[in-house]
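Descriptive analysis of the structure
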Amino acid sequence: MTLDGETAVLRARVATLEALLAEHERAAAERVQRMEQLIADLSARTQVFEATLRSIVDGVVVCDTAGRITHVNEAATSIMGSREAGGVPPENWEEKYGLFYADGVTPYPREEIPIHRAVRGEPVDRAEMLVRSAQKPEGMILETSARTIHDDRGERLGAVVVFRDITERKRHEREVAQQLVAEREKNETLERLRIAVHELSTPILEVWDGVLALPLIGVVDSKRSAQVMETLLESVVRMKGRYVILDVTGVDILDTATADHLLKIVRAVELLGTRCVLSGVRPSVAQTLVELGVSFGKLVTLRNLKHGLKACMRWKEGDADRAGREAAPSTGAPLGMR
């Protein structure tokens, strides 16, 4: 080959190399451009991620698979009262705080701490814990939720924990619960007082065997007469009362309506086979009853409770004698033949 031929071959090779070099430089420039775009996208995403963390009002903590904290938002540092952030080994941050169950006494086991459970792949929802620190020795109650972070292939990358301070809410709930308990106790006390007042206002006294006395005090209206009737009928059955004394010494007003209520009580008691007597009608009350034309019909009225008791004792003796006479023929032969 001549010199000119060799020169032409060399020039062709140089041209090929220059073309390859230009292509390589173009490809390299494209890779650099793509890399710069990826870096710019990553930077933008990082800024969005950091801005998102800052905007979340709840505390957010992110850690890697070893439990080392990598990201902490401002709300978390504010809630925890510490400005230390990422890369703190778990043994260090756990020593900074006292972690307890919501009772504030039982220590929180390390393996049950939400961030460690999430690293193991266990989800945590609204776990409550009490946290004490140098800044907040009295402690605060946190409501914590945690989730495992996975990549596109499902591999674990770490965990994210979200928490909020619910100390005030729990305090309010305790106050409301205490108020409800106090209100319930108050209502129970009022109910006991109501029952006691009802019992005191309608005292059923067994003044003798089979003889009951009911001293009435105050106003006898329709509502109270119904209560008196219910209590008296129950007592007559329970105590096996045969005679009842209604004493109205403590009744200030005895008018037509009151007399009607008393007569209803008497009729109800007599339906049980029990005899009634009314005692304690004061002179002024008697005068009012006469002026109003009020009549108690066949109801026996006596001066006071003492006279009422005497009348019941006479009735009781008479009933006993009649019962004896009625029982005598059933004994067999006439008396003269025994």
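This write-up is about the structure you can find in this document. (Residues numbered from 1 in each chain as written. Predicted model: local features only at pLDDT ≥ 70, side-chain atom pairs only at ≥ 80, totals over all residues. Heavy atoms only, no water.)

**Re the overall build of the chain**
What the chain contains, in helices and strands, is nine helices and eleven strands. The globule rule puts the C-alpha radius of gyration for 338 residues at 20 Å, and the 49 Å found for the chain is more than 25% above it. Seen through its principal axes, the chain has C-alpha atoms that stretch 180 × 60 × 40 Å. Of all 338 residues assigned to the chain, the portion counted as buried reaches 30%. Partitioning the contacts of the chain with sequence separation of at least 6, the portion at a separation of at least 24 is 55%. For the chain, the computed accessible surface area is about 21,900 Å², with 57% contributed by carbon and sulfur atoms. Side chains of the chain give 46 positive and 51 negative charges; the mean places of these two sets differ by 11 Å. (Helix = DSSP H or I, 4+ residues; strand = E, 2+ residues; numbered from the N terminus. Rg over C-alpha atoms; globule rule 2.2 N^0.38 Å. Buried < 20%, exposed > 50% of the residue type's maximum accessible area, 1.4 Å probe, protein only. Contact = heavy atoms within 4.5 Å. Areas by Shrake-Rupley, 256 points an atom, 1.4 Å probe, with all protein chains shown as cover. Lys, Arg positive; Asp, Glu negative; His and termini not counted. Charge placed at Lys NZ, Arg CZ, Asp CG, Glu CD.)

**Quick look at the nonpolar core**
Core analysis: the biggest nonpolar cluster contains 26 residues, and Leu 216, Leu 232, Val 244, Leu 246 and Phe 296 have the highest contact counts within it. Element by element, the count of residues in this core is highest for helix α7 (residues 256-270), at six residues. Sequence-distant contacts of Leu 232, defined by excluding residues within four places in its chain, comprise Ile 204, Leu 214, Val 244, Leu 246, Ile 265 and Val 269. Ranked by size, the runner-up nonpolar core spans 23 residues in total, among them Ile 79, Ala 118, Val 124 and Met 129. (Core = buried A, V, L, I, M, F, W, Y, C linked by side-chain atoms within 4.5 Å.)

**As for unusual backbone geometry**
For Arg 126, which is not glycine, the phi dihedral falls at a positive 50°. For Arg 126, a relative accessible area of 64% corresponds to the exposed category. Despite not being glycine, Lys 240 has its phi angle at roughly 55°, a positive value. Secondary-structure assignment places Lys 240 in the loop between α6 (222-239) and β9 (243-250).

**Structural notes on the side chain of Thr 144**
You can see Thr 144 is positioned in strand β5 (residues 140-150). What makes Thr 144 buried here is its relative accessible area of 4%. With sequence-adjacent residues up to four places away left out, Thr 144 is seen in contact with Pro 114, Val 124, Asp 125, Arg 126, Ala 127, Met 129, Val 161, Val 162 and Phe 163.

**Considerations on the pattern of salt bridges**
Under the criterion given, the structure shown has 17 salt bridges. Close ionic contact of Asp 125 with Arg 147 constitutes a salt bridge, the shortest N to O distance being 2.8 Å. Here the residue Asp 125 occupies a position in strand β4 (residues 124-132), and Arg 147 occupies one in strand β5, the gap between them amounting to 22 residues. The partner of Glu 128 in a salt bridge is Lys 170, with the nearest N and O atoms 3.4 Å apart. (Salt bridge = Lys/Arg side-chain N within 4 Å of Asp/Glu carboxyl O.)

**Observations regarding the sheet that holds β9**
Taken in spatial order, the five strands line up as β7-β8-β9-β10-β11 in an open sheet, and their pairing is mixed. Taken across any chain shown, the strands that pair with only one partner, and hence form the sheet edges, are β7 (205-208) and β11 (300-302). On average, each strand axis in the sheet is inclined to that of its neighbour by 30°, with strand direction left out of account. As paired strands, strand β10 (residues 275-279) and β11 are joined by three bridges and run parallel to one another. Within the sheet, the bridge partner assigned to Val 277 lies in β11 and is Val 300. Across the sheet, α6 lies against β7, β8 (211-217) and β9, angled at about 165° from β8, the strand it touches most. (Pairing = 2+ DSSP bridges. Axes fitted to C-alpha atoms, helices over the stretch in contact; angles between N-to-C directions.)

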